[in-house]
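Below, each chain spelled out in residue letters.
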Amino acid sequence: MMLDYRARATTELRTHPLDEFTLIYDRASGQTHLLGAPMPELLDCLGADWESLPIILARLNSRFEVGGNDDAAQAVRAHLAELIMLGLAECRTADHSDAA
Amino acid sequence: MSVAIQQMVALLRDPACAPAVSDTDWTDILTAARAETLLATLGHRLREQSLPLGVSRVLNDAMARAKQGHIVARWEMRCAARALAGLGIPVVLMKGSAYLALDHSAALGRQIGDLDIMVPRESLDAVEAALLGAGWEWVKDDPYDQAYYRQWMHELPPLIHTERDRMIDVHHTILPLTARPRPDAGGMLGRALPVADGLMVFDPLDRLIHCAAHLFADGDLAGGLRNLWDFHCLMCDGVDEAALLARAEAQGLRSATARCIRLSTHIYGKQSARLTLTDRLFLRRLTARNGWGQETRPFTRLVFYIRSHWLRMPPLMLMRHLWIKWRKAKA
Amino acid sequence: MQHELRLHVGPVRFRIGSQWAQPLDHMRRLYADFPNGDDGPPDFTVRLEAPRLMRRFIRPQVAIAGDFMLPDALPLPLAHGLLAAEMAMNLQVALGWRRHLLLHASVVERDGRALIMTGLSGSGKSTLSAMLGENGWRFMGDEFALIDPDSGMAVPFPRLVSLKNAAIDAMQARLPEHRFGPVLADTPKGMIRHLMPPQDAVKRMGEGALPALMLFPRYGFDPELRAVGKPEAFVRLTQASTNYVSMGEAGFAALSGLIDRVPVLAMDFNDGDAVMAQIDTLWRDALAAGR
């Protein structure tokens, strides 16, 4: 199933760097998250509009050189799923119906 | 009524009484209000009044706590909506969550605990599977409790989300199947109105009837002053009383609804209401709280505690249920 | 409630009701230096009451009740009434206070700055704060650190210090008997005696101080000192806070600000006197580095 991804509204997340980690306070949920690389970098690469995985991968590559192979794509997809489970990113199916 | 409760309802009814309250009285009023989970609501009612500093501090804390609770409650609604979106069924918010989703005055200062939703009875299995798949798990693992809930209650056994540590109660009707009135759940679902995130709420009349059912036909009335305040706020929407009672009649809940109308008018309304003898007994139970926050009137409370079980379960079932619970406790 | 006491400690005003005179008599003596908090309604009401009518007179038991309650709390024997009152006050603050970020910690002040020591029961934080409070430091509290979310200051909350077992002997050797509460034997945590805070701690309980150093002490281990990284310190402090979550964004701001500005050290020790000297050194270094 093809998914599109996008960031949460910037007004909703408050970030605070803490040494090599990033703290995120989610104003909409009241939850605090402590994220280590590559999660904050990945979050940074998500846009305000819906985008597919290849676009996000390309942006990641241009900033951090993750590599374009299948393994990289799979890893990024897994990390994105984690971010969505934490509620820090959103996704929907590419045919524009609502997904989890 | 204790002086503290009397003064508390007077302030809710007419905030302009505030300047007349003495320091000693404030102490007892705030304590009683907190015990009745009406403290933050009182704070909202008194927003325009000039209050002693110590009183404002306590009220502001309560309102801030309620506000943070609303943030968490809204998020919980969003998460449940997401988990159930794919099922294509009506998911109806109940009680505090519904008032919050509607931005209704009943939500001001209201503490919102578990998320209560109602779904069609035939969708229960699908709803259960979707929630378990999205990170919720059972609170009561015991097979007896599980069986009891499924067979007799009006809800699935309670579920809790592992990471967020919040509970969800999934109902399929508004009263236990073992209780005497048999409301028309299908009708209520059919009349439900959409709110945000693909969720729904009961229509204005069903909302009131559910409030009355919850208060009088189901519980032992603990926290009744809070529920009656909800009812009062909902009535202030300009509801047609005759239409309300007609709908309640069709649900088998006319007597509970009429009692709610009389008592909420008597306690919070601007005009007086004619109370029956039974109403006065209910009133006694509802106002059994003093300025130290203690529950008073132990005999009245015991009568209503027994009554609440009586209403939920026919006597033989109650005996069996208590017997099993006693045996388990002894083991 | 037959008996009533009002108490004002730091920024918190308590109203304590009791069905027996004894616990409040102890409190009146031990909190004699404190203002009586009769100015306006209290922030919290505590009730010491018998769980059942019989338990008021026969083998009397004290159940802890009040604005905030725990559903399964076991009652205490009346002989431990003072302990029940102290636990009840702690419970109200832990569950109900939101004007400051709460950390399960002891706090002392010197040179206008605060030292915060946080750890589990038995870590030694209470005893350390009591000892430092009698040796040139100002005692600010042994149970809760209150951090102002706007200024970042630690605000005093100097209640009776709860000393357990061996710590009682150590302090009794140094301080006059009148500073101590009754001996409470056979509590779930062993023997307990309460210690009155020093008079200057009470006189100056309106004066906060900016934290300069945070320690995670651990008593009963071979001496070791380790710097604690900010991420680890943040996570441990959220676990040491009862109101971080309920304070929402203000709690996040207060805690992240505290961790940004204040160095954290984990300190294992087994010698009370040696550790006092070590704390002196660490303090001087922290202040010097901060300038």
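Residues numbered from 1 in each chain as written. Chains lettered and ligands numbered in written order. Predicted model: local features only at pLDDT ≥ 70, side-chain atom pairs only at ≥ 80, totals over all residues. Heavy atoms only, no water.

## Topic: the overall build of chain C
Regarding its fold elements, chain C presents eight helices and 16 strands. Judged by the C-alpha coordinates and their principal axes, chain C covers about 60 × 45 × 35 Å. Counting over 291 residues, chain C shows a buried share of 58%. Within chain C, contacts between residues at least 6 apart in sequence are counted, and of these 69% link residues at least 24 apart. Accessible area for chain C stands at about 11800 Å²; split by element, carbon and sulfur atoms hold 54% of it. Mean positive and mean negative side-chain charge positions of chain C (31 and 32 charges, respectively) differ by 4 Å. (Helix = DSSP H or I, 4+ residues; strand = E, 2+ residues; numbered from the N terminus. Buried < 20%, exposed > 50% of the residue type's maximum accessible area, 1.4 Å probe, protein only. Contact = heavy atoms within 4.5 Å. Areas by Shrake-Rupley, 256 points an atom, 1.4 Å probe, with all protein chains shown as cover. Lys, Arg positive; Asp, Glu negative; His and termini not counted. Charge placed at Lys NZ, Arg CZ, Asp CG, Glu CD.)

## Let's talk about the pairing of strand β4 (residues 61–66) of chain C
All names here are of chain C. Counting buried residues in β4 gives five out of six residues, a clear majority hidden from the surface. Pairing analysis gives four bridges linking strand β3 (residues 44–49) to β4, with the strands arranged antiparallel. The residue of β4 that forms the bridge with L48 is I64. Of the strand pairs in this sheet, β4 and strand β5 (residues 76–77) are connected by two bridges, and their pairing is antiparallel. (Pairing = 2+ DSSP bridges.)

## Some thoughts on the environment of C:V264
All names here are of chain C. Note that V264 resides in strand β16 (residues 264–269). Sequence separation of V264 and F216 is 48 residues, and the distance between their C-alpha atoms is 7.5 Å. When near neighbours in sequence (up to four residues on either side) are disregarded, V264 contacts M214, F216, R226, A227, V228 and A233.

## Some details on helix α3 (residues 125–133) of chain C
Within α3(C), eight of the nine residues are buried, which leaves it mostly tucked inside the rest of the structure. The complete set of buried residues in α3(C) reads C:K125, C:S126, C:L128, C:S129, C:A130, C:M131, C:L132 and C:G133.

## Here's the deal with the confidence of the model for chain C
Taken over all residues, the pLDDT of chain C has a mean of 94, while the share at 70 or more is 100%. For this predicted complex, the interface score ipTM comes out at 0.93, alongside a pTM of 0.92. (pLDDT = per-residue confidence, 0-100.)

## Notes on a nonpolar patch on the surface
The grouping of B:L302, B:Y305 and B:I306 at the surface amounts to a nonpolar patch, some 300 Å² of accessible area in total. Looking at B:L302, the relative accessible area reads 48%, which means it is partly exposed. (Patch = residues over 30% accessible without salt bridge, like charges linked within 9 Å, V, L, I, M, F, W, Y side chains within 5 Å. Salt bridge = Lys/Arg side-chain N within 4 Å of Asp/Glu carboxyl O.)

## A word on the interface of chain C and chain B
Listed per partner, the contact involves 25 residues of chain C and 18 residues of chain B. Each partner contributes to the roughly 1800 Å² buried at the junction of chain C and chain B, and carbon and sulfur atoms together form 49% of this total. Counting the surface chain C buries against chain B, the share from its top three residues, C:R15, C:P41 and C:R98, is 34%. The interface formed by chain C and chain B includes three salt bridges. Between B:D61 and C:R99 there is a salt bridge, with the nearest N and O atoms lying 2.9 Å from each other. (Buried area = accessible area lost by both parts, 1.4 Å probe.)

## Details of the pattern of salt bridges
Within this structure, the stated rule accounts for 40 salt bridges over all chains. For the salt bridge of B:D28 with C:R15, the shortest nitrogen-to-oxygen distance reads 3.0 Å. Pair noted here: B:D28 is in helix α2 (residues 23–35) and C:R15 is in strand β2 (residues 12–18), and the two residues belong to different chains. For B:D28, a relative accessible area of 27% translates into the label partly exposed.

## Some words on empty space enclosed by the protein
Overall, the coordinates contain two cavities of 30 Å³ or more when judged by the stated rule. Counted as a void, the largest cavity has a volume near 60 Å³. Lining the largest cavity, in full, are B:T27, B:L30, B:T31, B:R34, B:V58, C:P41, C:P42, C:D43, C:F44, C:T45 and C:D67. Contributing elements (two or more residues each) for the lining of the largest cavity: α2 of chain B together with β3 of chain C. Examining the composition of the lining of the largest cavity, we find that four residues originate from one element, α2(B), more than from any other. (1 Å grid on protein atoms, 1.4 Å probe; cavity = no way out; pocket = protein on both sides within 12 Å on 5 of 7 lines; lining within 4 Å. Points joined across faces, edges and corners; volume = space filled by probe spheres on them.)

## Concerning the interface of chain A and chain C
Tallying the contact residues gives 12 residues for chain A and 12 residues for chain C. When the two sides are added together, the surface that chain A and chain C hide from each other amounts to roughly 1100 Å², 67% of it contributed by carbon and sulfur. Taken together, the links from chain A to chain C amount to two salt bridges. As a salt-bridge pair, A:R14 and C:E249 come within 2.8 Å of each other at their nearest N and O atoms. At the boundary of chain A and chain C, one finds five residue pairs in polar contact (both at pLDDT 80 or more). Residue composition of the side of chain A that touches chain C, by class: seven nonpolar, two polar and three charged. (Polar contact = N/O pair within 3.5 Å; in protein donor to acceptor, adjacent residues only side chain to side chain. Nonpolar A, V, L, I, M, F, W, Y, C, P; charged D, E, K, R; others polar.)

## Focus: the layout of surface pockets
All names here are of chain C. If you add up the space inside the second largest pocket, you get close to 1200 Å³. Lining the second largest pocket we find 47 residues, and of these S121, S126, S162, K164 and K189 sit closest to its centre. Listed by contribution, the elements that provide at least two residues to the lining of the second largest pocket are α2 (81–96), α3, β11 (161–164), α4 (166–172), β13 (190–195) and α8 (272–290). Counting residues per element, the lining of the second largest pocket draws most heavily on α2, which supplies seven residues.

## A word on α2(B)
End to end, α2(B) covers 19 Å across 13 residues, agreeing with the expected 18 Å (1.5 Å per residue, within 8%). Within α2(B), the full set of buried residues consists of B:W26, B:T27, B:I29, B:L30, B:T31, B:A32, B:A33 and B:R34. Of the surrounding elements, those touching the buried residues of α2(B) are α1 (3–13), α3 (39–45) and α4 (53–84) of chain B together with β1 (3–9), β2 and β3 of chain C. (Expected span 1.5 Å × (residues − 1).)

## A closer look at the sheet that holds β11(C)
Residues and elements named next belong to chain C. Here we have three strands laid out as an open sheet, ordered β11-β13-β12, and antiparallel in their pairing. Each edge of the sheet is formed by a strand with only one pairing partner; in this case those strands are β11 and β12 (184–187). For this sheet, the mean angle separating the axes of adjacent strands, direction not counted, is 35°. Contacting β12 and β13, α2 runs over the sheet at an angle of about 70° to β13. (Axes fitted to C-alpha atoms, helices over the stretch in contact; angles between N-to-C directions.)

## Quick word on the pairing of β13(C)
Residue and element names in this part refer to chain C. In this structure, β11 lies alongside β13, joined through four bridges in antiparallel fashion. Directly across from S162, in β13, lies its bridge partner H194. Where β12 hands over to β13, the hairpin turn is made up of two residues, counted between the paired strands.

## Some remarks on the sheet that holds strand β6 (residues 89–93) of chain A
Residues and elements named next belong to chain A. Taken in spatial order, the three strands line up as β5-β1-β6 in an open sheet, and their pairing is antiparallel. Bordering the open sheet on either side are β5 (51–52) and β6, each of which pairs with just one other strand. In the sheet, strand β1 (residues 3–7) pairs with β5 via two bridges, with the strands oriented antiparallel. Of the residues in β5, the one forming a bridge with D4 is S52.

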